[in-house]
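Coordinate inspection notes
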Amino acid sequence: QVQLVESGGGLVQVGGSLRLSCAASGRTFSPSLMGWFRQAPGKEREFVVAIRWNSGNAYYGDSVKGRFTISRDNAKNTVYLQMNSLKPEDTALYYCAAAFGAYSLTYFANDYDYWGQGTQVTVSS
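Note that the structure is predicted; figures quoted are calculated from it, not measured.

A few points about the packing of aromatic side chains
A complete count under the given rule lists 9 aromatic pairs for this structure. Relative to W53, the ring of F29 lies with its centre 5.2 Å away and its plane at 85°, an arrangement referred to as edge-to-face. Of this pair, F29 sits in the loop between β3 (18-26) and β4 (33-39) while W53 sits in the loop between β5 (46-52) and β6 (58-60), and the two are 24 residues apart along the sequence. Residues F29 and W53 agree in their burial class; the two are buried. Centroid distance F47 to Y107: 4.8 Å. Interplanar angle 90°. Geometry classified as edge-to-face. With a gap of 60 residues between them, F47 in strand β5 and Y107 in the loop between β9 (92-99) and β10 (114-115) connect regions that are remote in the sequence. You can call Y107 partly exposed: its relative accessible area is 45%. Grouped by ring-pair contacts, the aromatic residues F37, F47, Y95, Y107, Y112 and W115 constitute a single cluster. A cation over an aromatic ring shows up here: R19 above the ring of Y80, its NZ or CZ 4.0 Å from the ring centre. When the ring centre of Y95 is taken as reference, the NZ or CZ atom of R45 above it lies at 4.0 Å.

Now the structure itself:
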């Protein structure tokens, strides 16, 4: 079993920055992918970014390219999401997720096996 705990959300003004963290615990942690998704009220869960755990290669959703950066610390079993130039449309509940299947990349939430509880990001204009 794997537990994922997000932190770092909050209220920020347009153009500001936040850094989210996702710490994993439980079984020997070696996922194929770690991902961040977000869900705004009344909308479907949206893929934000994923990172290959071993190689560190990252893949970004179009809406966040150039503004968000994902990184990971394998020794700490932690993944980070640095969010810059935040916009009101970035307001959402942000979830981290771990995929243990044989994926090089997947954007589909159903392919991820474990999820955190989410951390709220609110961008005020």
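Section: the environment of R67
Relative to the assigned elements, R67 resides in the loop between β6 and β7 (68-73). On the basis of relative accessible area, R67 is assigned to the buried category, the value being 10%. As a C-alpha pair, R67 and S85 span 18 residues in sequence and 6.1 Å in three-dimensional space.

Considering the state of the cysteines
Scanning the entire structure with this criterion turns up 1 disulfide. In this model, C22 is linked to C96 through a disulfide, with the two sulfur atoms separated by 1.9 Å. Sign of the S-S torsion, about 50° for the bond between C22 and C96, identifies this disulfide as right-handed. A residue pair is termed long-range when its members are at least 10 positions apart, and C22 in strand β3 and C96 in strand β9 qualify at 74 residues. Across this residue pair, the class does not change: C22 and C96 are buried.

Concerning the environment of S32
Position of S32 among the secondary structure elements: in the loop between β3 and β4. Residue S32 is classed as buried on the basis of its relative accessible area of 18%. Separated by 27 residues in the primary sequence, S32 and Y59 place their C-alpha atoms 13 Å from one another. A polar contact is formed between the side chain of S32 and the backbone oxygen of G101, at a distance of 2.6 Å.

Let's talk about the pattern of salt bridges
One pass over the full model with this rule turns up 4 salt bridges. Of the charged contacts in the structure, one is a salt bridge between D90 and R38, with a shortest N-O distance of 2.8 Å. Residue D90 is found in the loop between β8 (78-83) and β9, and its partner R38 is found in strand β4; the two are separated by 52 residues along the sequence. R38 shares its class with D90; the two are buried. Here K65 ties to D62 by a salt bridge, and the two come within 3.1 Å at their closest N and O atoms. Take D62: its relative accessible area is 67%, and that puts it in the exposed class.

Thresholds, definitions, all that
- Residues numbered from 1 in each chain as written.
- Predicted model: local features only at pLDDT ≥ 70, side-chain atom pairs only at ≥ 80, totals over all residues.
- Heavy atoms only, no water.
- Phe/Tyr/Trp six-rings, centres within 6.5 Å; stacked < 30°, edge-to-face > 60°.
- Helix = DSSP H or I, 4+ residues; strand = E, 2+ residues; numbered from the N terminus.
- Buried < 20%, exposed > 50% of the residue type's maximum accessible area, 1.4 Å probe, protein only.
- Lys NZ or Arg CZ within 6 Å of the ring centre and 35° of its normal.
- Disulfide = S-S within 2.5 Å.
- Polar contact = N/O pair within 3.5 Å; in protein donor to acceptor, adjacent residues only side chain to side chain.
- Salt bridge = Lys/Arg side-chain N within 4 Å of Asp/Glu carboxyl O.

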